[in-house]
Amino acid sequence: VLTPETEISDHADSYLYAPEGGTVTLHFTLAGAGRVVGLYLDQQVVERWPVNQELTLAVPLTLSWAGYHTATLAVEPPCPVSPHPALACQIVTLTDLMWADWTPTP
């Protein structure tokens, strides 16, 4: 289940069920200015990227066990609640999100 979020100010979770251990690739495009986005798999950091323009990524993820997994894209630090729209921080736009290239562990 892919997140329906297209704008991230905090985090966006996507879920995947793996029938057995293996690898899968998460494809996505981020766009923003002056933000850092972290990718987490099951609450463990995979990688972080500075987002200063459009950034298209394909990240292979190792799923060590059968079952449900959570992939989180998180803006770091998250945007605080702003009392006024003029004070709002920069969000990150998320597009083209998809799971692909499932390969079971031999």
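This write-up is about the structure you can find in this document. (Residues numbered from 1 in each chain as written. Predicted model: local features only at pLDDT ≥ 70, side-chain atom pairs only at ≥ 80, totals over all residues. Heavy atoms only, no water.)

**A word on the overall build of the protein**
Here is step 1 of the chain: Per the secondary structure count, the protein includes zero helices and eight strands.
Here is step 2 of the chain: When the helices and strands of the protein are listed from N to C terminus, the series reads β-β-β-β-β-β-β-β.
Here is step 3 of the chain: Each principal axis of the C-alpha distribution contributes one length, and for the protein these read about 55 × 25 × 20 Å.
Here is step 4 of the chain: Taken across its 106 residues, the protein has 39% of its residues classed as buried.
Here is step 5 of the chain: By sequence separation, contacts in the protein at least 24 residues apart represent 74% of the contacts at least 6 residues apart. (Helix = DSSP H or I, 4+ residues; strand = E, 2+ residues; numbered from the N terminus. Buried < 20%, exposed > 50% of the residue type's maximum accessible area, 1.4 Å probe, protein only. Contact = heavy atoms within 4.5 Å.)

**Details of the packing of aromatic side chains**
The description of an aromatic ring pair uses the distance of the two centres, along with the angle that the planes make with each other.
Here is step 1 of the chain: Per the stated rule, a full pass over the model turns up two aromatic pairs.
Here is step 2 of the chain: Ring geometry for Tyr17 versus Tyr68: centroids 4.9 Å apart, planes at 55°, classification tilted. Within this pair, whereas Tyr17 is found in strand S2 (residues 11-18), its partner Tyr68 is found in strand S7 (residues 67-76), the two being separated by 51 residues in sequence.
Here is step 3 of the chain: With a centroid separation of 5.9 Å and 70° between ring planes, the pair formed by Phe28 and Trp49 is classed as edge-to-face. Linking Phe28 in strand S3 (residues 22-31) with Trp49 in strand S5 (residues 44-51), this pair joins segments that are 21 residues apart in sequence. Residue Phe28 shares its accessibility class with Trp49, and that shared class is buried. (Phe/Tyr/Trp six-rings, centres within 6.5 Å; stacked < 30°, edge-to-face > 60°.)

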